[in-house]
Amino acid sequence: MTIADRKNAHVELAADQQRRADAVNEFDDVGFVHHALAGIDCIDVSLSVSVAGMDSPAPFFINAMTGGSEHTGQINRALAIAARATGIPIASGSMSAYLKDASVADSFRVLRLENPDGIVMANINANATLEQARRAVDLVSANILQIHVNAVQEVVMPEGDRHFAHWPGHIEHIASNLDVPVMVKEVGFGLSRQTISRLRDCGVAAADVGGRGGTNFARIENERRPGSLTDYSFIRHWGQSTAACLLDATGVSGIDITATGGIRSPLDIARALALGATACGVAGRFLRVLLDEDVDGLITTINGWTVQLGQIMAVLGAPTPAALTHSDLVITGGLAQFCQARGIATDTYAQRTQKGRSAP
Ligand code: FNR
């Protein structure tokens, strides 16, 4: 299978997963305590945030998906148009295909051509050299470089990598020498507290926890394996959910933490922000809207989410995304069990306003 065929297959299989939407999503284990007199005026809510030093008008972005074939270049064009129309940041899919074969450059370059003034993130894997990182950044005049770490996906891919020990060294070398900030991201299996601390110590500006609950690359890669090859379906529940990662990372400072993986709605964004994320990335859900509707449908969805997120924040009395970290949250179900096992006190989340003696 060529790289172009693989990129096309990822898009189709990820969109199908979204249509089935049968994943266990632990954002459902996070509930806001409703205080009926806590609300503020919608007009007094500001959604703007800074991610890795870059200002964004809203606390969510279109996360890394694709590029590397003619079809995925068209998808990137549509995603870039939506990013331009709404002002939210956008990440490229992995640019390894371009680093191997410059003839597919246009399928990535379109992200910048259609969105000349927006925040654009380049994306490479952790095998890339500093010189390759610079080429990826240059191609799209990127404001941020994403490096994805995806060992589980690689082992399930028949053609995937089998060497991971050098990844921390590569990440540190790139983060120390590149002119733009580096964000390291998982692709759906999550980043632990220890991993995020280690990334911070490597000079990484932002960690995107990329947790379980949304697009599942263990399943996608297993579905791509020819029937004659070994089955990996047993590994489909690997990793920590996005909500679990955010809870696990509580108290880690010196690095921005963003939340991708299973964001389905403005409520999930509010939940992630309340758990400490600076911003959220959305991949599969926006891909499905684009494929099932069109670019106008995606723009309408993004603008709608912005309005609805502002309304949720007004109801909660949060004038800024950061203020959501003072909201009372009840954590239940499997997520509460995770917290107990990791020594995370869930009652402190449910009693935040009492602790601050500012209960409405
Ligand atoms: C992805 N994702 C991804 N991530 C990355 O760093 N490089 C990549 O090339 C890709 N490719 C890719 C293709 C497609 C079709 C999808 C849907 C996703 C992973 C993505 O950025 C994100 O981390 C996960 O999809 C989890 O988020 P969602 O989809 O649950 O919102």
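Up top is the structure.
So, here is what we can say about the structure in this document. None of the values given here were measured: they were computed from a predicted structure. (Residues numbered from 1 in each chain as written. Predicted model: local features only at pLDDT ≥ 70, side-chain atom pairs only at ≥ 80, totals over all residues. Heavy atoms only, no water.)

## Notes on helix 13 (residues 295-316)
Threshold: Only DSSP runs of H or I with at least four residues qualify as helices, and only runs of E with at least two residues qualify as strands; both kinds are numbered from the N terminus onward. The span one expects for a helix is its residue count, reduced by one, times 1.5 Å. Throughout, exposure labels follow a simple rule: accessible area from a 1.4 Å probe, protein chains only, divided by the maximum for the residue type, with under 20% read as buried, over 50% as exposed, and the rest as partly exposed. For this analysis, residues touch if any pair of their heavy atoms sits within 4.5 Å. In the analysis that follows, any N or O atom pair within 3.5 Å is treated as a polar contact, provided that within protein one partner can donate a hydrogen and the other can accept it, and provided that, for residues neighboring in sequence, both atoms belong to side chains.
Taking 1.5 Å per residue as the helical rise, helix 13 with its 22 residues ought to reach 32 Å, and the 32 Å between its terminal C-alpha atoms agrees with that figure. Those residues of helix 13 not exposed but buried are G297, L298, I299, T301, I302, W305, L309, G310, M313 and A314. Against the buried residues of helix 13 lie strand 4 (60-62), helix 2 (70-86), helix 11 (266-274), strand 11 (279-282) and helix 12 (284-292). Between the side-chain oxygen at the start of helix 13 and the backbone nitrogen of D296 there is a gap of 3.2 Å, and the oxygen is on D294.

## Quick notes on the site of the ligand
Note the cut-off: It suffices for a single heavy atom of a residue to lie within 4 Å of a molecule or strand for the residue to be listed as near it.
Around the ligand, the structure places 23 residues, and the nearest of them are A64, M65, S94, T215 and G284. Between an oxygen atom of the ligand and a main-chain N or O atom of A64, the distance comes to 2.7 Å. Backbone polar atom of A283 to an oxygen atom of the ligand: 3.0 Å apart, as the coordinates give it. Contributions of two or more residues to the shell around the ligand are made by helix 1 (3-20) and helix 12.

## Remarks on the side chain of R219
With respect to the element layout, R219 can be found in helix 9 (residues 217-224). Polar side-chain contacts of R219 include one of 3.3 Å to the side chain of D22. Beyond its immediate stretch of four places on either side in the chain, R219 contacts Q17, R20, D22 and R236.

## Points about the pairing of strand 6 (residues 120-125)
Stated precisely, the cut-off is as follows: Two strands are said to pair when DSSP picks up at least two bridges between them. When the strands point away from the viewer and the path from the first strand over the helix to the second turns clockwise, the crossover is right-handed.
Burial runs high along strand 6: six of the six residues are buried. In the sheet, strand 6 pairs with strand 7 (residues 144-148) via five bridges, with the strands oriented parallel. Residue pairing across strands places N125 opposite H148, the latter belonging to strand 7. As a crossover connection, the stretch from strand 6 through helix 5 (residues 130-139) into strand 7 is right-handed.

## A closer look at the environment of V120
Mapped onto the elements, V120 comes out in strand 6. In this structure V120 comes out as buried when scored by relative accessible area, which is 0%. In sequence terms V120 and S228 are 108 residues apart; their C-alpha atoms lie 40 Å from each other. Apart from residues lying up to four places away in sequence, V120 is in contact with I90, L111, R112, N115, V140, A142, N143 and I144.

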